[in-house]
Amino acid sequence: MTGTGIAIDGVGMQFGGGQGVTALDGIDLHISAGEFVALVGPSGCGKSTLLRIVSGLLEPTSGRVDVSGKTPDEARRDVDFGFVFQQPTLFPWLRVLGNVLLPDRVLGRRNPNRGPHREQVARELLRDVGLERFEDHYPGQVSGGMRQRVALARALSYDPKILLMDEPFGALDEFTRDRLNLQLLDVCNKTGSTVLFVTHSIQEAIFLADRVVMLSSRPGRVTRIAEVPFRKPRGLEVRYEPEFAALTGELRGLLEVEDEVELARRQL
Ligand SMILES: Nc1ncnc2c1ncn2[C@@H]1O[C@H](COP(=O)(O)OP(=O)(O)OP(=O)(O)O)[C@@H](O)[C@H]1O
Ligand SMILES: [Mg+2]
């Protein structure tokens, strides 16, 4: 299944009415089918909120989102989205393979992408994320990085057009994160999914994404959209390219400015 485009136009989110928190303000972002976009910004700037709006779980207070001609709610009901969160939400009483097959069992006939060889597809996905020998283990018997890979395989198991990932590798050590980054790129290369990926790591964002979107501290506004100048497929060695360091430095500078704004605000 190939990806689908997302158009975010003038999206704002105000929690709790007039005196409440403005989480997002005037977000404009058009994501092409098959594109990988990383969202980076300070804590509390509205990244998770934006993912929830895109997936139709939350109605924005202004603006609109279009998912290839559908509203986010319609797209969600059509099972266009796959989610991977910071903490993998696996069922401890199901084995690894059972967890990957679960969405299919839950969705059943409602799954428009349902094919005849579901178990085979699940096994192939587990192989893609390097877990072919762990199908019969329970989540409690595998490491945190492996659980996160099960969550990724599960999100891909129903062939979603769009993958929404909210700091999926934030809790992992650097080597595991590197390996998962490579596997994610490899899998996306095969599936052609459109990806919206939230991370706190500028390096991870640049390594994975076609474009990196920087958000300001609350209310979240787009401060910069950076095109990543490296072709895919990419290897980890691109991180040693001078252009990689230059872009990392530039984006880090933006985040530091936002940090100072946030600090000043707290001191007022
Ligand atoms: N349901 C809610 N009700 C009220 N306020 C909310 C709600 N959800 C989020 N917020 C507020 O909106 C702002 C943005 O929250 P959000 O979780 O989107 O930030 P984030 O960028 O994902 O942060 P982090 O990087 O820490 O995960 C925060 O100030 C938060 O307190
Ligand atoms: Mg968040």
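Above this text is the structure in question.
One structure accompanies this document, and this report is about it. Note that the structure is predicted; figures quoted are calculated from it, not measured.

1. A short note on the overall build of the protein
Inference 1: Scanning the protein from terminus to terminus reveals 8 helices and 9 strands.
Inference 2: Since a compact globule built from 268 residues should have a radius of gyration of about 18 Å, the 19 Å found for the protein is in line with a globular shape.
Inference 3: Each of the three principal axes of the protein carries a C-alpha extent, and together these read 55 × 40 × 35 Å.
Inference 4: Looking at the 268 residues of the protein, the share that counts as buried comes to 37%.
Inference 5: The contacts in the protein between residues at least 6 apart in sequence include a share of 74% that link residues at least 24 apart.

2. Structural notes on the sheet that holds strand β8 (residues 211-215)
Inference 1: With mixed pairing, the 6 strands of this open sheet are ordered in space as β5-β6-β7-β3-β8-β9. Edge strands, defined here as strands with exactly one partner in the open sheet, are β5 (81-84) and β9 (222-227). The sheet shows a mean angle of 15 degrees between the axes of neighbouring strands, taken without regard to direction.
Inference 2: The sheet contact formed by strand β3 (residues 36-40) and strand β7 (residues 194-198) spans 4 bridges and is parallel. Following the sheet pairing, Leu39 is matched in β7 by Val198.
Inference 3: Helix α5 (residues 144-157) contacts β5 and β6 (162-166) of the sheet and is inclined by roughly 175 degrees relative to β5.

3. Remarks on the nonpolar core
Inference 1: Ranked by size, the top nonpolar core spans 65 residues in total, and within it Ala38, Leu39, Phe197, Ala209 and Val212 carry the most contacts.
Inference 2: At 7 residues, the largest contribution of residues to this core is made by α5.
Inference 3: In contact with Phe197, not counting residues within four places along its chain, are Phe36, Ala38, Leu39, Met165, Leu208 and Ala209.

4. Some points on unusual backbone geometry
Inference 1: The omega torsion of the bond from Arg218 to Pro219 falls at -5 degrees, within 30 degrees of zero and hence cis.
Inference 2: Assignment of secondary structure puts Pro219 in the loop between β8 and β9.
Inference 3: For the bond from Lys232 to Pro233, the omega torsion is 0 degrees, close enough to zero to count as cis.
Inference 4: Considering the arrangement of structural elements, one finds Pro233 in the loop between β9 and α8 (242-267).
Inference 5: Although it is not a glycine, Asp159 sits at a positive phi angle of roughly 60 degrees.
Inference 6: As for its placement among the helices and strands, Asp159 is situated in the loop between α5 and β6.
Inference 7: Exposure remark for Asp159: the 18 C-beta atoms within 10 Å place this residue in the partly exposed category.
Inference 8: You will see that Glu167, though not glycine, has its phi angle at about 45 degrees, which is positive.

5. Description of the site of ligand 1
Inference 1: Near ligand 1, the surroundings consist of 13 residues, among which Phe15, Ala23, Ser43, Ser48 and Thr49 are the closest.
Inference 2: Among the secondary structure elements, those contributing two or more residues to the shell around ligand 1 are β2 (21-31) and α1 (47-54).
Inference 3: Looking at the shell around ligand 1 residue by residue, the classes come out as 4 nonpolar, 7 polar and 2 charged.

6. A few points about the pairing of β3
Inference 1: Burial within β3 is extensive, with 5 of its 5 residues counted as buried.
Inference 2: Sheet analysis places β3 next to β8, joined by 4 bridges and oriented parallel. Each residue of the ladder has a partner; that of Leu39, found in β8, is Val213.

7. A look at the sheet that holds β2
Two pairing modes exist for strands in a sheet, parallel and antiparallel, and in both the strands are linked by backbone hydrogen bonds.
Inference 1: Strand order in the open sheet formed by 3 strands is β2-β1-β4, with antiparallel pairing between adjacent strands. Both edges of this open sheet fall to β2 and β4 (62-67), since each of them pairs with a single strand only. In this sheet, adjacent strand axes meet at a mean angle of 20 degrees when their direction is disregarded.
Inference 2: For strand β1 (residues 6-15) and β2, the ladder comprises 7 bridges, and the chain directions are antiparallel.

8. Considerations on the packing of helix α3 (residues 96-107) against helix α4 (residues 118-128)
Inference 1: Between α3 and α4, the least distance of the axes is 10 Å, while the angle of their chain directions is 125 degrees. Taken together, α3 and α4 sit at an angle that is classed as oblique. As for the relative orientation of α3 and α4, their crossing is right-handed in sense. From α3, Val96, Leu97, Val100, Leu101 and Asp104 reach across to α4, where they touch Arg118, Glu119, Ala122, Leu125 and Leu126.
Inference 2: For the contact of α3 with α4, a count of residues per class yields 7 nonpolar, no polar and 3 charged.

The rules behind these values
- Residues numbered from 1 in each chain as written.
- Chains lettered and ligands numbered in written order.
- Predicted model: local features only at pLDDT ≥ 70, side-chain atom pairs only at ≥ 80, totals over all residues.
- Helix = DSSP H or I, 4+ residues; strand = E, 2+ residues; numbered from the N terminus.
- Rg over C-alpha atoms; globule rule 2.2 N^0.38 Å.
- Buried ≥ 20, exposed ≤ 12 C-beta atoms within 10 Å, placed from the backbone.
- Contact = placed C-beta atoms within 7 Å.
- Pairing = 2+ DSSP bridges.
- Axes fitted to C-alpha atoms, helices over the stretch in contact; angles between N-to-C directions.
- Core = buried A, V, L, I, M, F, W, Y, C linked by C-beta atoms within 7 Å.
- Near = placed C-beta within 6 Å.
- Nonpolar A, V, L, I, M, F, W, Y, C, P; charged D, E, K, R; others polar.
- Parallel < 35°, antiparallel > 145°, perpendicular 65-115°, else oblique.
- Left-handed = near helix turned anticlockwise from the far one by under 90°.

Read these as spatial facts, not as claims about activity.
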